[in-house]
Structure formats: C-alpha cells, structure tokens
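Structural features, examined
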Amino acid sequence: MSYRFRMLPPRRGRKSRSLGVVIGMGLALAALLPQTSVAAASDEPDLPQAGQDIIATPGSVADGQKLFGLNCTYCHGARGVGGRGKPLQCRDDLTAATVYQTITEGRDSAGLFMPSWNGSIAEPDRWRLAAYILSLRNLPNCK
Ligand code: HEC
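Keep in mind it's a predicted model, so treat the numbers as computed, not measured. (Residues numbered from 1 in each chain as written. Predicted model: local features only at pLDDT ≥ 70, side-chain atom pairs only at ≥ 80, totals over all residues. Heavy atoms only, no water.)

So, on to the confidence of the model for the protein chain. Confidence in the prediction of the protein chain, expressed as mean pLDDT, is 82, and 71% of residues score 70 or more. Confidence over residues 29-37 falls short of pLDDT 50; this stretch has 11 contacts with residues more than four positions distant or in other chains. (pLDDT = per-residue confidence, 0-100. Contact = heavy atoms within 4.5 Å.)

What follows is the structure in structure tokens.
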C-alpha cells in the first residue's frame, strides 16, 4: 500500500491542472488520427457508379493505403508526403476522377515520369487508391 501512496503526484494546483489539459489534448489528437475506417466522401455526381460505390465503402481507404504503400511511396513518399512525385496530402484540387485518370494513364510532364498502372492495378483497386488519396485531405496537418 505504501507503493500506491508514493505514486500520488504532489499537490501543485495549477501545474497539475495544465498537465491534465495537455493529456486531454493528446487524447483528442489521438482520436483524430485513425482515419482508416472512415469512408471517403465524394462530392462528384458524374463519377461512374463503380467508383462511387467503392469510394463510399468504409474499408476502401484502408485498402487504398496498403496499395499506396506497395506501389506509390517510392515516388510520392510515405502517406503521400511528396518526393520524386508531387505531394498528395491536403490536395483539395484533386478529384476522384482526376486521380483515377492519372493512375490509369500515368503522367509525363517536363521529364517527371509516372507510369500507367492500367495493366498492373485492377480498376477497383485504382478507385481504392483514389479513396485513400482523397482521405489525405483530412489529415490533422491540413488545417
Ligand atoms: C516513378 C515515380 C512515380 C510513381 C511510382 C508514382 N507516381 Fe504519381 N506522379 C509521379 C509524377 C512525376 C507525377 C507528376 C508530377 C507533375 O505533374 O509535376 C505524378 C502525379 C501523380 C498524381 C497527380 C498529382 C497532380 O498534381 O495532379 C497522382 C494523383 C498520383 N501521381 C498518384 C500516384 C499513385 C496513386 C501511385 C501509385 C499507384 C503513383 N502516383 C505512383 C511519379 C510517380
């Protein structure tokens, strides 16, 4: 029992209160971080039905994240932070349709080359990748 007694923090009014606030903020942040079970929102009515369905499926972001780790981080960095290819985080300018098109056709702009994945990544998986990249708009650092 004396062990438990020693674990009690000294009473220091203000200081211990602010520690509580810091811990509270940490917990709130931690609650924001896991975003893999959340479905990505697509506000594109013209998207093909197959794309809309996959993007609205909660597991698609997590599946897309795995595909991204395998195929895309080499150029776009971990979680799309950027590198040889453009950063893909916090990109409000990208749409599911343009991301899908870029993955399908590849890119060749000013000597910067991205291959076409048309023959190597199946269509549903290209939509899952789009769902993941759209989810990178919602990272805590995008605020
Ligand atoms: C060999 C390097 C490389 C790989 C691997 C690669 N990319 Fe790219 N990616 C690029 C380059 C280079 C660009 C074009 C940058 C530019 O236009 O300036 C690009 C552009 C993009 C864009 C468009 C960004 C924009 O600003 O319009 C998206 C989306 C994208 N890539 C997604 C992916 C995904 C998903 C994968 C994995 C399936 C992938 N890329 C794999 C090099 C790569």
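Another aspect to go through is the coordination of the iron atom of the ligand. Within the protein, His 76 (NE2) and Met 114 (SD) serve as the donor atoms for the iron atom of the ligand, at 2.0 to 2.1 Å. The coordination sphere of the iron atom of the ligand comprises six donor atoms, whose angles at the metal cover 85 to 179 degrees; the geometry is octahedral. Of this pair, His 76 sits in helix α5 (residues 73-76) while Met 114 is found in strand β2 (residues 112-114), placing the two residues 38 residues apart along the sequence. Comparing His 76 with Met 114 shows no difference in burial state: the two are buried. (Donors = N, O, S within 2.8 Å, 3.2 Å for Na, K, Ca; no water. Tetrahedral: all angles 85-135°; square planar, octahedral: opposite > 155°, others 65-115°. Helix = DSSP H or I, 4+ residues; strand = E, 2+ residues; numbered from the N terminus. Buried < 20%, exposed > 50% of the residue type's maximum accessible area, 1.4 Å probe, protein only.)

The subject of this paragraph is the layout of surface pockets. In this model, the largest pocket occupies a volume close to 640 Å³. Forming the boundary of the largest pocket are 25 residues, of which His 76, Lys 86, Thr 102, Arg 107 and Met 114 lie nearest the centre. Secondary-structure elements contributing two or more residues to the lining of the largest pocket are α4 (60-71), α5, α6 (96-105), β1 (107-109), β2 and α7 (123-135). Per element, the largest residue contribution to the lining of the largest pocket is four residues, and it comes from α6. Broken down by class, the residue content of the lining of the largest pocket amounts to 15 nonpolar, six polar and four charged. (1 Å grid on protein atoms, 1.4 Å probe; cavity = no way out; pocket = protein on both sides within 12 Å on 5 of 7 lines; lining within 4 Å. Points joined across faces, edges and corners; volume = space filled by probe spheres on them. Nonpolar A, V, L, I, M, F, W, Y, C, P; charged D, E, K, R; others polar.)

Moving on, we get to the state of the cysteines. Evaluation of the coordinates by the stated rule reveals one disulfide. A disulfide bridge connects Cys 90 with Cys 142, and the sulfur atoms are separated by 2.1 Å. The S-S bond linking Cys 90 to Cys 142 shows a torsion near -80 degrees; that makes this disulfide left-handed. Of this pair, Cys 90 sits in the loop between α5 and α6 while Cys 142 sits in the segment after α7, placing them 52 residues apart in sequence. (Disulfide = S-S within 2.5 Å.)

Another aspect to go through is the packing of aromatic side chains. Evaluation of the coordinates by the stated rule reveals two aromatic pairs. Residues Phe 68 and Tyr 132 carry aromatic rings whose centres are separated by 5.4 Å and whose planes lie at 55 degrees to one another, so their mutual orientation is tilted. Here Phe 68, found in helix α4, pairs with Tyr 132, found in helix α7; they are 64 residues apart in sequence, far enough to count as distant. A single burial state applies to Phe 68 and to Tyr 132, both of which are buried. Ring centres of Tyr 100 and Trp 127 lie 3.9 Å apart, and the angle between their planes is 15 degrees; on these two criteria the pair is classed as stacked. A residue pair is termed long-range when its members are at least 10 positions apart, and Tyr 100 in helix α6 and Trp 127 in helix α7 qualify at 27 residues. (Phe/Tyr/Trp six-rings, centres within 6.5 Å; stacked < 30°, edge-to-face > 60°.)

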